[in-house]
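So the chains spell out like this:
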Amino acid sequence: MRQLKTSLTTGQVRSIATKLADLAKHPITGDLWQIFVEASRQQSLPLQTLVNLFEQAYESLTESGRSTLGAIDSILEPAHFDLRTNGDFAPESLTAFPVQLYGDTSDAANSSSAATSNAATEDPVVNAGRELVGHLRWRGGGGPSPSHRWRMSEWTFLGHTNDFVRWVYRRGNEPEDDSTMHCIDAVLFAAYRAGLVDRTWIRRLYDAAADSAMAEHRRHEYYDEYTRQNVLPEARLLPQVDDEYGEFVSAPSRAFFRTLRRGMVSGRLTRYYVDETTGVGEQEIPAGNIVFFNGPQGHVALSVGKRDRRGRHRVLSLWIHPRRFEATTEDPYGVGYMQETTVEGLLAAGQMTTAVVEFGNAAWPAAGSNRSRRSNLLRRLLGSSEPR
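An account of the accompanying structure is given in this report. (Residues numbered from 1 in each chain as written. Predicted model: local features only at pLDDT ≥ 70, side-chain atom pairs only at ≥ 80, totals over all residues. Heavy atoms only, no water.)

## Here we look at the overall build of the protein chain
- A count of helices and strands for the protein chain gives twelve helices and 14 strands.
- Of all 388 residues assigned to the protein chain, the portion counted as buried reaches 50%.
- Considering only residue pairs separated by 6 or more positions, the protein chain has 62% of its internal contacts joining residues 24 or more positions apart.
- About 18500 Å² of surface is accessible on the protein chain, with carbon and sulfur atoms providing 48% of the total. (Helix = DSSP H or I, 4+ residues; strand = E, 2+ residues; numbered from the N terminus. Buried < 20%, exposed > 50% of the residue type's maximum accessible area, 1.4 Å probe, protein only. Contact = heavy atoms within 4.5 Å. Areas by Shrake-Rupley, 256 points an atom, 1.4 Å probe, with all protein chains shown as cover.)

## Quick notes on helix α6 (residues 124-131)
- Among all positions of α6, only Val-125, Val-126, Ala-128, Gly-129 and Arg-130 are buried.
- One side-chain oxygen at the N-terminal end of α6 lies 3.0 Å from the backbone nitrogen of Val-125; it belongs to Asp-123. (Polar contact = N/O pair within 3.5 Å; in protein donor to acceptor, adjacent residues only side chain to side chain.)

## Side note on unusual backbone geometry
- Note that the residue after His-321, namely Pro-322, is joined by a cis bond; omega there is 0°.
- Relative to the helices and strands, Pro-322 resides in the loop between β12 (313-319) and β13 (337-342).
- The backbone of Arg-149 sits at a positive phi, close to 55°, despite the residue not being glycine.
- For Arg-149, the position within the fold is in the loop between β3 (144-145) and β4 (151-152).
- Backbone geometry places Trp-150, a non-glycine residue, at a positive phi of 65°.
- Here Trp-150 shows up in the loop between β3 and β4.

## What about helix α8 (residues 183-193)?
- Counting buried residues in α8 gives eleven out of eleven residues, a clear majority hidden from the surface.
- Those residues of α8 not exposed but buried are Cys-183, Ile-184, Asp-185, Ala-186, Val-187, Leu-188, Phe-189, Ala-190, Ala-191, Tyr-192 and Arg-193.
- Just past α8, the residue Gly-195 takes up positive phi, approximately 80°.

## A closer look at the sheet that holds β12
- Read from one edge to the other, the open sheet built from six strands follows the order β9-β14-β10-β11-β12-β13, with strand pairing classed as antiparallel. Because the sheet does not close on itself, it has two edges, and the strands there are β9 (265-272) and β13. With strand direction ignored, the average angle separating the axes of adjacent strands in the sheet is 30°.
- In terms of strand pairing, strand β11 (residues 299-307) meets β12 through three bridges, oriented antiparallel. Along β12, the bridge assignment pairs Ser-303 with Val-315.
- Packed on one face of the sheet, α8 meets β10 (290-293), β11, β12 and β13 and runs near 50° to β11.
- Packed on one face of the sheet, helix α10 (residues 251-264) meets β9, β10, β11 and β14 (357-362) and runs near 105° to β9. (Pairing = 2+ DSSP bridges. Axes fitted to C-alpha atoms, helices over the stretch in contact; angles between N-to-C directions.)

## Topic: empty space enclosed by the protein
- Overall, the coordinates contain two cavities of 30 Å³ or more when judged by the stated rule.
- The volume enclosed by the second largest cavity comes to roughly 50 Å³.
- As for the second largest cavity, its lining consists of Asp-243, Glu-244, Tyr-245, Arg-254, Phe-257, Arg-258, Arg-261, Pro-296 and Gln-297.
- Per-class residue counts for the lining of the second largest cavity are three nonpolar, one polar and five charged. (1 Å grid on protein atoms, 1.4 Å probe; cavity = no way out; pocket = protein on both sides within 12 Å on 5 of 7 lines; lining within 4 Å. Points joined across faces, edges and corners; volume = space filled by probe spheres on them. Nonpolar A, V, L, I, M, F, W, Y, C, P; charged D, E, K, R; others polar.)

## Some points on the packing of α8 against α10
- Close contact between α8 and α10 brings their axes to 13 Å; oriented N to C, the two are set at 25°. In terms of orientation, α8 lies roughly parallel with respect to α10. Both α8 and α10 take part in a crossing whose hand is left-handed. Counting all contacts with α8, which are made through Ile-184, Val-187 and Leu-188, the residues of α10 involved are Phe-257, Leu-260 and Met-264. (Parallel < 35°, antiparallel > 145°, perpendicular 65-115°, else oblique. Left-handed = near helix turned anticlockwise from the far one by under 90°.)

## As for the pattern of salt bridges
- Here the structure, examined in full by the defined rule, presents 15 salt bridges.
- The salt bridge partner of Asp-331 is Arg-139, with a shortest N-O separation of 2.8 Å. Of the two residues, Asp-331 sits in the loop between β12 and β13 while Arg-139 sits in the loop between α6 and β3, which places them 192 residues apart along the sequence.
- Asp-331 sits in the buried class, given a relative accessible area of 4%. (Salt bridge = Lys/Arg side-chain N within 4 Å of Asp/Glu carboxyl O.)

## Some thoughts on the environment of Arg-151
- Structurally, the position occupied by Arg-151 is in strand β4.
- Classification of Arg-151 by relative accessible area gives partly exposed; the value is 25%.

## Some details on the pairing of β10
- Burial along β10 is two-sided: Ile-290 and Phe-292 and Val-291 and Phe-293, pointing in opposite directions, are all buried.
- Summarising the sheet, β10 and β11 pair through four bridges and their orientation is antiparallel. Bridge pairing in β11 places Phe-293 opposite His-299.
- In this antiparallel pair of consecutive strands, β10 and β11, the connection spans five residues, and Asn-294 shows a positive phi of 60°.

## Focus: the layout of surface pockets
- Each pocket or cavity is described by its volume, and for the largest pocket that value is around 790 Å³.
- Around the largest pocket, the lining is made up of 33 residues, and of these Gly-141, Phe-157, Gln-297, Gly-298 and Gln-351 lie nearest the centre.
- Those elements giving two or more residues to the lining of the largest pocket turn out to be α8 and α10.
- Counting residues per element, the lining of the largest pocket draws most heavily on α10, which supplies three residues.
- Residue classes in the lining of the largest pocket are distributed as 18 nonpolar, twelve polar and three charged.

Listed below in structure tokens is the structure:
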């Protein structure tokens, strides 16, 4: 690996040290200087250029009041750095920072893996999903709302507005890079960005799931002697059933997620087993396949179709694992964002160590996809933000 030959002045060292002390307080910027040093070695940049870039990054991050991966990307773009979220594939010294750096390294095998990982896949949804890496916000999971005829709730379980669901139901604008949604929404949004589905298709998927749940609810209606009419029992009084993964949920909730799963994939699901000895799964998950952790009610991710240098299967995932923004009173679990991580990494995060992992072919409609792609592209070119 090429070494830096130019030394820093005492004043520059003092300035950087002071700023690092400030940045270290933030959950995603503590190792920012180390990121720049590593990048400079790989790109053979003059050290003064490195210092200037660091100063720009610091100013941009601190002026906004919070660090944004987009700001880092925009600053580093002139230097041709290639950044992706998640430290899983970064040099070992940088894994504490949730931005991974690709490029030449002293290890030939790692260099080959890094170069491969950056190449665009042939799957348009994966490519669209990668554009969202570092963006979107996870602020709690989601599910059906019994008080709204089992429609997908417009609120997360932590009480935050779900921007994606509101848009689907024509109650909000098209989601942007910092919009709040949950993991299922993120996969669907990537398909939308790729032009393979439109909002109507997503709405029909959610409506079908709600109809299934409502039909299940009606199976438990009873005749009330006092009012002399059939009455639906309150959701809290409905029988609890096994959701197929060892958790007990209401019967309508199980029906909702079963229908959602059937609508998102075509054909049968394949089980993904992780070898206890190697810690790596043997099955290959094709790019663009949808990956479920204990079904859609657990967690949903999108397969990249490749493995990292340790052999783990890579996925795109909107969640608080393995990285998250700092927890606050408003967000006690922290705020998640779209990350490129691995199936094995998500399992090891601690929340789903025993989850059943399954994957299947995405059920994006083949017919009409060109029209959807043209329509989406036109809207983005026109910059329309009106509720539609």
